[in-house]
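The residues making up each chain are set out below.
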Amino acid sequence: MKNFVVKTIANAAALAVAIWLLKGITLSGENTLRKVLTLILVALVFGVVNFIVKPVVKLLSFPLFILTLGLITLVINALMLLLTSFLAKELGLAFHVDGFWNALVGGVIISVVAWAMHMILPDDKD
């Protein structure tokens, strides 16, 4: 359970940094509390997408991993972010990613920040 909370906090922080740095990734709400709640819910959706969909996509695209020496991971991360944006819209969450290039850069930002947050925050392995 602690690991789940840590991953959600790390995802929320990473998404917040991407929203802050990129104009093409937006999160809206009436007030700060509403924005924070939306961010946490989007982080949960992002976590579910990465837990369920991403391994399947990675498995199916394994030949492309070999061919591109792993660079296809950037495209897969962008697609996961776009899928999160679509699901957030369907769930009524005010989160939007505007286009593939914003998703690609956002995916890189989210990966780097989430990795750094996982290094800082404790988890079950400690």
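So, here's what we can say about the structure.

What counts and what doesn't
- Residues numbered from 1 in each chain as written.
- Predicted model: local features only at pLDDT ≥ 70, side-chain atom pairs only at ≥ 80, totals over all residues.
- Heavy atoms only, no water.
- Helix = DSSP H or I, 4+ residues; strand = E, 2+ residues; numbered from the N terminus.
- Rg over C-alpha atoms; globule rule 2.2 N^0.38 Å.
- Buried < 20%, exposed > 50% of the residue type's maximum accessible area, 1.4 Å probe, protein only.
- Contact = heavy atoms within 4.5 Å.
- Areas by Shrake-Rupley, 256 points an atom, 1.4 Å probe, with all protein chains shown as cover.
- Lys, Arg positive; Asp, Glu negative; His and termini not counted.
- Charge placed at Lys NZ, Arg CZ, Asp CG, Glu CD.
- Patch = residues over 30% accessible without salt bridge, like charges linked within 9 Å, V, L, I, M, F, W, Y side chains within 5 Å.
- Salt bridge = Lys/Arg side-chain N within 4 Å of Asp/Glu carboxyl O.
- Core = buried A, V, L, I, M, F, W, Y, C linked by side-chain atoms within 4.5 Å.

## Observations regarding the overall build of the chain
Turning to step 1, where the next piece is worked out: The number of helices and strands found in the chain is five helices and two strands.
Turning to step 2, where the next piece is worked out: Reading the chain from its N end, one meets helices and strands in the order α-β-α-α-α-β-α.
Turning to step 3, where the next piece is worked out: Taking 126 residues into account, the globule formula puts the C-alpha radius of gyration at 14 Å, and the chain, at 14 Å, falls close to it.
Turning to step 4, where the next piece is worked out: Relative to its 126 residues, the chain shows a buried fraction of 36%.
Turning to step 5, where the next piece is worked out: By sequence separation, contacts in the chain at least 24 residues apart represent 74% of the contacts at least 6 residues apart.
Turning to step 6, where the next piece is worked out: Surface accessibility of the chain: about 7900 Å² in total, with carbon and sulfur atoms responsible for 74%.
Turning to step 7, where the next piece is worked out: Within the chain, the 6 negative side-chain charges are centred at a point lying 4 Å from the centre of the 9 positive side-chain charges.

## A look at a nonpolar patch on the surface
Turning to step 1, where the next piece is worked out: Taken together, Leu71, Leu74, Val108 and Val112 make up a surface patch of nonpolar side chains, about 340 Å² in accessible area.
Turning to step 2, where the next piece is worked out: The topology assignment puts Val112 in helix α5 (residues 100-120).
Turning to step 3, where the next piece is worked out: A relative accessible area of 52% places Val112 in the exposed class.

## Things to note about unusual backbone geometry
Turning to step 1, where the next piece is worked out: Even without being glycine, Leu69 reaches a positive phi, approximately 55°.
Turning to step 2, where the next piece is worked out: With respect to the secondary-structure elements, Leu69 resides in the loop between α3 (62-67) and α4 (72-90).
Turning to step 3, where the next piece is worked out: Under the relative-accessibility criterion, Leu69 is labelled exposed at 78%.

## A closer look at the nonpolar core
Turning to step 1, where the next piece is worked out: Core analysis: the biggest nonpolar cluster contains 32 residues, and Leu15, Ile25, Leu81, Phe95 and Ile110 have the highest contact counts within it.
Turning to step 2, where the next piece is worked out: The biggest single contributor to this core is α5, with seven residues.

## Details of the side chain of Thr38
Turning to step 1, where the next piece is worked out: Structurally, the position occupied by Thr38 is in helix α2 (residues 32-60).
Turning to step 2, where the next piece is worked out: In this structure Thr38 touches Leu27, Leu93 and Ala94, once residues within four positions along its chain are discounted.

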